[in-house]
Amino acid sequence: MRRLSRALLKLVQRHDTLRIRFVQEGGKWYASMNAPADYKVREEDIGDVDDAEFDRRIREIAREHIDITSQQLCEIVLVKCGARGDVIISRVHHAITDGYGMIVLADDLFKFLMSVPVLGRAVSHEEYITKWESPRSSRRKDVDKFWYDALQDVPLAPNVGRKAKGLPLLHNSIGWRGTRGYGVQISEASANRLTQQASDANVSVTTTLFSGYLEAVCRQYDLDRMLYDFSPARTEPQLATYCGDHTLDPIMLYVSQPNQTPIARAQTLHQSYMEAINHLPADSARRDCALEHDLIAQGAYPRQFKTYAPRATLRENRSAFRKNIRGKPGEVHRFGAYTFTMLDVSNGVFTVNENQIIAPEDIQDRAFTLGFDMDAYDTAEIETLATRICDVLELDLTKLEEL
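Residues numbered from 1 in each chain as written. Predicted model: local features only at pLDDT ≥ 70, side-chain atom pairs only at ≥ 80, totals over all residues. Heavy atoms only, no water.

Overview of a positive patch on the surface
Link 1 in the chain: A cluster of basic side chains, namely R2, R3, R6 and K10, defines a positive patch on the protein surface.
Link 2 in the chain: Within the fold, R3 resides in helix α1 (residues 2-14). (Patch = residues over 30% accessible without salt bridge, like charges linked within 9 Å, V, L, I, M, F, W, Y side chains within 5 Å. Areas by Shrake-Rupley, 256 points an atom, 1.4 Å probe, with all protein chains shown as cover. Salt bridge = Lys/Arg side-chain N within 4 Å of Asp/Glu carboxyl O. Lys, Arg positive; Asp, Glu negative; His and termini not counted. Charge placed at Lys NZ, Arg CZ, Asp CG, Glu CD. Helix = DSSP H or I, 4+ residues; strand = E, 2+ residues; numbered from the N terminus.)

Some remarks on helix α3 (residues 99-113)
Link 1 in the chain: If you check α3, its first and last C-alpha atoms are 21 Å apart, about what 15 residues at 1.5 Å a residue would give, namely 21 Å.
Link 2 in the chain: Within α3, 11 of the 15 residues are buried, which leaves it mostly tucked inside the rest of the structure.
Link 3 in the chain: Regarding α3, the residues found buried are Y100, G101, I103, V104, L105, D107, D108, L109, F110, F112 and L113.
Link 4 in the chain: The N-capping residue of α3, defined by a side-chain oxygen 3.3 Å from the backbone nitrogen of Y100, is D98.
Link 5 in the chain: In the segment just after α3, S115 is the residue with positive phi, at about 60 degrees. (Expected span 1.5 Å × (residues − 1). Buried < 20%, exposed > 50% of the residue type's maximum accessible area, 1.4 Å probe, protein only. Polar contact = N/O pair within 3.5 Å; in protein donor to acceptor, adjacent residues only side chain to side chain.)

As for the pairing of strand β10 (residues 332-335)
Link 1 in the chain: In this structure, β10 lies alongside strand β11 (residues 338-341), joined through four bridges in antiparallel fashion. Residue H333 lies in a different strand from β11, and its bridge partner there is F340.
Link 2 in the chain: The loop that links β10 with its antiparallel partner β11 comprises two residues; one of these, G336, has a positive phi angle of about 65 degrees. (Pairing = 2+ DSSP bridges.)

Some remarks on the pattern of salt bridges
Link 1 in the chain: Applying the stated rule across the entire model yields 29 salt bridges.
Link 2 in the chain: With a shortest N-O distance of 2.9 Å, E64 and R42 are connected by a salt bridge. In this pair, E64 is assigned in the loop between α2 (51-62) and β4 (74-80) and R42 in strand β3 (residues 42-45), connecting sequence segments 22 residues apart.
Link 3 in the chain: Using a relative accessible area of 21% as the deciding quantity, one classes R42 as partly exposed.
Link 4 in the chain: Salt-bridge contacts for R219 lead to E215; the nearest nitrogen and oxygen are separated by 3.2 Å. In this pair, R219 and E215 are both assigned in helix α8 (residues 205-220), four residues apart and thus about one turn of the helix distant.
Link 5 in the chain: R219 sits in the partly exposed class, given a relative accessible area of 37%.
Link 6 in the chain: With a relative accessible area of 0%, E215 lands in the buried category.

A short note on the environment of Q356
Link 1 in the chain: Here Q356 is to be found in strand β13 (residues 355-358).
Link 2 in the chain: Put simply, Q356 and R303 are 53 residues apart on the chain and 9.7 Å apart in space, counted from C-alpha to C-alpha.

What to know about the sheet that holds strand β5 (residues 86-92)
Link 1 in the chain: A sheet is described by the order of its strands in space; here three strands give the open sequence β3-β4-β5, paired in mixed fashion. Taken across any chain shown, the strands that pair with only one partner, and hence form the sheet edges, are β3 and β5. Strand-to-strand twist in this sheet, taken as the mean axis angle between neighbours without regard to direction, amounts to 20 degrees.
Link 2 in the chain: Bridge analysis of β3 against β4 gives four bridges, and the strand direction is parallel. Residue pairing across strands places E44 opposite V79, the latter belonging to β4.
Link 3 in the chain: Packed onto the sheet, α2 meets β3, β4 and β5 and runs at close to 30 degrees relative to β5. (Axes fitted to C-alpha atoms, helices over the stretch in contact; angles between N-to-C directions. Contact = heavy atoms within 4.5 Å.)

Let's talk about the packing of α8 against helix α13 (residues 379-392)
Link 1 in the chain: Here α8 crosses α13 at 120 degrees, and the two axes come no closer than 8 Å. One element, α8, and the other, α13, form an angle in the oblique class. Once α8 is placed against α13, the crossing between them reads as right-handed. Residues G212, Y213, E215, A216, V217, R219 and Q220 of α8 form the contact with α13, whose own contacting residues are E381, T384, L385, R388, I389 and V392.
Link 2 in the chain: Of the residues that constitute the contact of α8 with α13, the class distribution is six nonpolar, three polar and four charged. (Parallel < 35°, antiparallel > 145°, perpendicular 65-115°, else oblique. Left-handed = near helix turned anticlockwise from the far one by under 90°. Nonpolar A, V, L, I, M, F, W, Y, C, P; charged D, E, K, R; others polar.)

Regarding helix α7 (residues 188-200)
Link 1 in the chain: Between the first and last C-alpha of α7 there are 18 Å, a value that for 13 residues agrees with the 18 Å anticipated at 1.5 Å per step.
Link 2 in the chain: The positive-phi residue at the C-terminal boundary of α7 is N202, with phi of around 60 degrees.

Details of the packing of α7 against α8
Link 1 in the chain: It is at 9 Å that the axes of α7 and α8 come closest, and there the two elements cross at 105 degrees. Compared by their axis directions, α7 and α8 come out roughly perpendicular. Contacts between α7 and α8 involve L194, T195 and A198 on the former and, on the latter, V205, T208 and L209.
Link 2 in the chain: Among the residues making up the contact of α7 with α8, the classes are represented as four nonpolar, two polar and no charged.

Geometric values such as these leave the question of function open.
Shown next, in the form of structure tokens:
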């Protein structure tokens, strides 16, 4: 308990984002910072119980609702379970972290638990907001004009997904839906070939996968252009230690390039990403911004599709605790005097995008995942899309499994 308490204190001292809370005064919202000393490990004791009761209680604790107005938006719970040992549950509100940030936190927490030195300093919330999220007053008009100019003459909402089924569209981040996912694995030779081709062309494997996804969507649904959004914050190496949630999700326009090679398409997409990043931060690159409302009013569907890289997989690969972080439920891992067994407390996955590709930084284990609104698409469509992506990128698909 003492070791865990020290680890939590060091974690909230290192990552001030974890200490954010939101206050509403006079009809306006403000972010405030708690003191590190305010954070204590919460203890629960369920004693010796049977397997069914153990699973029920652990899931119940892990899934407790964290209200956005809570005094603290993160916590660590130590659950004493008699002869089974102790269960450590970490809970963080999505308003203050994201999938990438959770890997940063997990790696640092394990290091603090094991008294492993954590070198360097983490990017603070203030630094992130000031440098990467706040539009410069001198460039505000220019960068906003860039986004408006880039999204002139946009295509109308395509008749696929929710629209094709006569369902309400998920505009302005409203209407979170249950999501299903398919994982795609490719042959080792394919993975090595794509990695080498991307490296030779000076583009990332992730961008190459994104280009294949966008082209495959256009071909599958007979589109010459499509709107999508992406998360550029995690393309910045200087943010490798930042654990907070990103708030910039710019809307982009992709134009189909059926006669180009996979790498040529990736290079074109890379150039558009770099141009977009050069025009950030921008108020017109946020969810629910005025530009998005204008596009919706024109009959577009700005965030139907998404390219997304949510996990810090390179950090996972380099971590001494990668087996613990990546562990599957039921797997037992040892580190020093400690034995860890991962538990499954998942509460499902939800999305505000109907269809998205989730790409790792390392494609050896799983090349990519397709996440989709279960009301918008049937499994046959997604299986066809997965196959088409592999065809577009000239990859050998070896396994397609529902996650």
